Amino acid sequence: MTSIESLAAVLETHHDADEIARVIDAYEFARDAHTGQFRKTGEEYINHPLETALILADLRLDIHSIQAALLHDTIEDCEDVTFDTIKDRFGEEVAVLVDGVTKLGRIEFETQTQQQSESMRKMLIAMASDIRVILIKLADRLHNMRTLDALPPKTQIEKSRETMEIFAPLAHRLGMSQIKWELEDLAFHHLNPEKYEEISQMVKQSRDERDAYAERVMGEIDVALREVGIEGDIQGRPKHFHSIYQKMINKGKDFSEIYDLLALRIIVDNIKDVYGALGTVHNIYTPMPGRFKDYVAMPKFNMYQSLHTTVIGPVGSPLEIQIRTKEMHRMAEYGVAAHWRYKEGTAAGTFDERLAWLRQMLEWQTELDDPSEFMEELKIDLFQEEVFVFTPTGDVKSLKRGATPLDFAFHIHTEVGFYCVGAKVNGAIVPLGYELQNGDRVEILTNKSTRPSRDWLNIVKTSSARSKIKAYFKKIDHMAVRVTPEELAKRDAKAEPQVAQHPKKRNRRNAGIRIEGLEHPLVKLARCCNPVPGDDIIGFVTRGRGVSVHRKACPNAESLTRSPERMIEVAWDGDPQAVYQVEVMVKAVDRLRLLQDVTALVADAGVDIISSSSYAHPDGMVDMRYLFEMGNLSSLDGIIKDLRGIPGVFEAHRKLPSEAS
Ligand code: MN
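Residues numbered from 1 in each chain as written. Predicted model: local features only at pLDDT ≥ 70, side-chain atom pairs only at ≥ 80, totals over all residues. Heavy atoms only, no water.

1. Section: the coordination of the manganese ion
We count it as follows: Nitrogen, oxygen and sulfur within 2.8 Å of a metal are treated as its donors, or within 3.2 Å for sodium, potassium and calcium (Na, K, Ca); water is not counted, so a site can appear incomplete. We count a stretch as a helix when DSSP gives it H or I for four or more residues in a row; a strand needs E for two or more, and each element gets its number in order from the N terminus. Accessible area is worked out with a 1.4 Å probe on protein chains only. A residue is then buried under 20% of its type maximum, exposed over 50%, and partly exposed in between.
Protein-derived coordination of the manganese ion comes from His 48 (NE2), His 72 (NE2), Asp 73 (OD) and Asp 140 (OD), at a distance range of 2.2 to 2.4 Å. Taken in sequence order, the residues that donate to the manganese ion follow the motif H-x23-H-D-x66-D. In this pair, His 72 is assigned in the loop between helix H4 (63-71) and helix H5 (74-77) and Asp 140 in helix H9 (residues 131-146), connecting sequence segments 68 residues apart. The exposure class of Asp 140 is buried, given its relative accessible area of 7%.

What follows is the structure in structure tokens.
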């Protein structure tokens, strides 16, 4: 339990009495507003914002951030508190920060794939008007993770997964290693309790021996540095449990070798000494080839600077050493937060200062060997080009800034675009020309009897939507002059006789696929990628077996398109009787009765399992693959979500076309 006094004590080292009084004012306001509210842990609610503020005070963020941290849940959770209430009492800057955190809090994370998580992270940054909003959000999440035990197990898993997929990478992106590690270890603890416990026991048991070893190595290095006149602060660096675990997985090894658990850090005064210390270390211990990295000359994307080397230590086992200056160390620990730290006599966080960070990153870019990776990483900060919106099912889509619901419709699927008659944003009807905003939830209204309008060319902002509309009208104009639709159908039937003449039993005949101009196409959904309605698809005329339909993203589709004369336009026809096969991949920590739980859940949902397989990895993880057969796909998302809720399950998703079975 912390108190306002302990927060004030932290602030006293860097702030004057007037500023601390403003923090106490914010505290009292929040305390009164949250009166009668309690957390799941049983403690008074105010403890949460207080702890959040304390995390940021430790990072030495400016007073406005600390005030906003104390107030961060008031707009959302307290009836009488609005943006204006906060603005009138604490000023616009604080109000904007609180408002930003409130908006981020309303986003629901239902991430499905790596790519989704990446979009989600970008959207978080894009929505935060001020990077400090993200810092407050990270501190908020960190305290929630510290107190996660009070929540039901299902929520623990969900929050931990979000933390692992979105918040820890975000902290990493911003160079805040302390927060990143703590978030990862807390999430790891809940996602994989057995492994966490095992590693923690192992680290504990070997502590005495390791401490003795650390003392010996640090002593030897200290003597060597003194001899060459370098002042260095040598620290044993605790390895975090999750990083140990990752190493165990990546290198496929056990940590029976306790010396591997030790890593050292040498902090020196200036860059010259960084390289001097490296020479000294390499002089007393043999460096391991290929393990030296110079992140001083070539900083990482998140501004991290340090020399990394691995040497053969005195007992003959590898020893990882990092060498850096105090300033580099400060950046490594606090990342972007270092730029909002309180400075004597200046208002921290001016616009110029915020830009300085970005400018420095841009400058470094020109000095890097491989700027492409850097630019990829930097994109997140140059988000003005994109707008991030949600589908009704919670997927994130990114579109060019300025895009309209009509662009969104074409982005989802060409058919959705053609049949679009209107759009809802956040539940309300909007004009088709509405400019989409970050975080909007967009729903497209369709009607199969409508057709595109030429006015649409003036509405859409993306080139892909524009070219689809143009192609449509080109085709219409072309046909109007040359052939009637009946003639077109006849011609197609002549050219592809095997397609037209295989009427089969009702629900298998066309597999829910429509082909323009063909009455009874014989269609087969390809087994390699199992397309289902909603997927972008292509048709391929086989010899004698009708049209096989692949997902556009199917690796096989690429080789098929080399025979363009056999490609044919196909579309979903919404046949309610069609039956589809869906492959679902599940990743979990293996445990007793895991398979039983998964199978029972699927069976209860009324879905047929056609086949399944599982592979248990030596590290205790298990990969499972299921082939479902289902008619009504609307329950699929719910089933996948429920699968993720099974204890031990990390990940469940529909198999991507690129994924190996
Ligand atoms: Mn909160």
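2. Observations regarding the packing of helix H3 (residues 47-58) against H9
The following threshold applies: For helices, the axis comes from a line fit to the C-alpha atoms of the stretch in contact; other axes are also lines fit to C-alpha atoms, and the angle between any two N-to-C directions lies between 0 and 180 degrees. Angles below 35 degrees are treated as roughly parallel, those above 145 as roughly antiparallel, those between 65 and 115 as roughly perpendicular, and all remaining angles as oblique. Handedness of a crossing is defined here by the sense of rotation of the near helix relative to the far one, left-handed for an anticlockwise turn of less than a right angle and right-handed for a clockwise turn. The contact criterion used throughout is that any non-hydrogen atoms of two residues lie within 4.5 Å.
The contact between H3 and H9 brings their axes to 9 Å, and the two run at 120°. Taken together, the axis directions place H3 and H9 in an arrangement best described as oblique. Pair H3 / H9 crosses with right-handed handedness. Where H3 approaches H9, its residues Asn 47, His 48, Glu 51, Thr 52, Ile 55 and Leu 56 are matched on the opposing element by Leu 135, Ile 136, Ala 139, Asp 140, Leu 142, His 143, Asn 144 and Arg 146.

3. What to know about unusual backbone geometry
If you check the backbone angles, Asn 426 has positive phi at about 50° while not being a glycine. Within the secondary structure, Asn 426 is located in the loop between strand S9 (420-425) and strand S10 (428-430). A positive phi angle, close to 40°, is found at Asn 530, a residue other than glycine. Here Asn 530 shows up in the loop between strand S13 (523-525) and strand S14 (537-541).

4. Quick word on the confidence of the model for the chain
Close inspection of predicted coordinates is inappropriate in any region flagged by low pLDDT. Condition: pLDDT expresses how confident the predictor is about each individual residue, on a scale running from 0 to 100.
Summarising the model, the chain shows a mean pLDDT of 80, and 82% of its residues fall at 70 or more. A low-confidence stretch, residues 342-356 (pLDDT under 50), is modelled with 18 contacts involving residues beyond four sequence positions or located in other chains.

5. Notes on the side chain of His 143
Basically, it comes down to this: Each polar contact in these results corresponds to two N or O atoms within 3.5 Å; when the atoms are within protein, one needs to be able to donate a hydrogen and the other to accept it, and residues that are neighboring in sequence are counted only if both atoms are side-chain atoms.
Structurally, His 143 is set in helix H9. A distance of 2.8 Å separates the side chain of His 143 from the side chain of His 48, its partner in a polar contact. Sequence-distant contacts of His 143, that is, excluding residues within four places in its chain, are made with Arg 39, Asn 47, His 48, Glu 51, Thr 52 and Ile 55.

6. Some words on the pattern of salt bridges
Here is the rule we go by: By salt bridge we mean one thing: a side-chain nitrogen of Lys or Arg within 4 Å of a carboxyl oxygen of Asp or Glu.
Overall, the coordinates contain 21 salt bridges when judged by the stated rule. With a closest N to O distance of 2.6 Å, Arg 146 and Glu 182 form a salt bridge. Placement of Arg 146 in helix H9 and of Glu 182 in helix H11 (residues 177-191) is noted, with a sequence separation of 36 residues between them. Residue class for Arg 146 comes out partly exposed when judged on its relative accessible area of 37%. Residue class for Glu 182 comes out partly exposed when judged on its relative accessible area of 28%. Ionic pairing is found between Asp 222 and Arg 226, a salt bridge with its closest N-O pair at 3.1 Å.

7. Side note on the sheet that holds strand S21 (residues 649-654)
What counts here: Any two strands are treated as partners once DSSP identifies two or more bridges connecting them.
If you trace the four strands from one edge of the open sheet to the other, you get S19-S20-S18-S21, paired in antiparallel fashion. The open sheet terminates on both sides in strands that have one partner only, identified here as strand S19 (608-616) and S21. The sheet shows a mean angle of 15° between the axes of neighbouring strands, taken without regard to direction. Examined bridge by bridge, strand S18 (residues 580-589) and strand S20 (residues 621-630) share 10 bridges and lie antiparallel to one another. Looking at S20, one finds that Val 582 is bridged to Phe 628.

8. Overview of a negative patch on the surface
As a reminder of what qualifies: Grouping into patches uses exposed residues only, defined as over 30% relative accessible area, and leaves out salt-bridged ones; the cut-off is 9 Å for like charges and 5 Å for nonpolar side chains (Val, Leu, Ile, Met, Phe, Trp, Tyr). Residue-level accessible areas treat just the shown protein chains as cover; the underlying method is Shrake-Rupley with a 1.4 Å probe. Residues scored as charged are limited to Lys and Arg (positive) and Asp and Glu (negative), so that His and the chain ends carry no count. Positions of charges follow a simple convention, taking NZ of Lys, CZ of Arg, CG of Asp or CD of Glu.
Together, Asp 208, Glu 209, Asp 211 and Glu 215 line one region of the surface with negative charge. Relative to the assigned elements, Glu 209 resides in helix H13 (residues 207-227).

9. Structural notes on the environment of Gly 276
Along the chain, the position of Gly 276 falls in helix H15 (residues 271-284). Note on Gly 276: relative accessible area 26%, which makes it partly exposed. Along the chain, Gly 276 and Val 228 lie 48 residues apart, while their C-alpha atoms are 8.4 Å from each other.

10. Here's the deal with helix H2 (residues 17-33)
The criterion, for reference: Expected span of a helix, by definition, is 1.5 Å for each gap between consecutive residues, and there is one gap fewer than residues.
With 17 residues, H2 extends 24 Å from end C-alpha to end C-alpha; this agrees with the ideal 24 Å at 1.5 Å per step. Every buried residue belonging to H2 is among Glu 19, Ile 20, Val 23, Ala 26, Tyr 27, Phe 29 and Ala 30, and all of these are buried. Close packing links the buried residues of H2 with helix H1 (4-12), H3, H4, H5 and helix H6 (83-90).

11. Structural notes on the packing of aromatic side chains
What describes a pair of aromatic rings is the distance from one ring centre to the other and the angle between the planes of the rings. Just so we agree on the cut-off: Two rings belonging to Phe, Tyr or Trp (six-membered ring only in the last case) form a pair when the distance between their centres is within 6.5 Å. Interplanar angles under 30 degrees mark stacking, angles over 60 mark edge-to-face geometry, and anything in between is tilted.
Going through the model one piece at a time under the given rule, you end up with 11 aromatic pairs. Here Phe 29 and Phe 90 contribute two aromatic rings whose centre-to-centre distance is 5.5 Å and whose plane-to-plane angle is 80°, an arrangement assigned as edge-to-face. Highlighted residues: Phe 29 in helix H2 and Phe 90 in helix H6, separated in sequence by 61 residues. When sorted by exposure, Phe 29 lands in the same class as Phe 90, which is buried.

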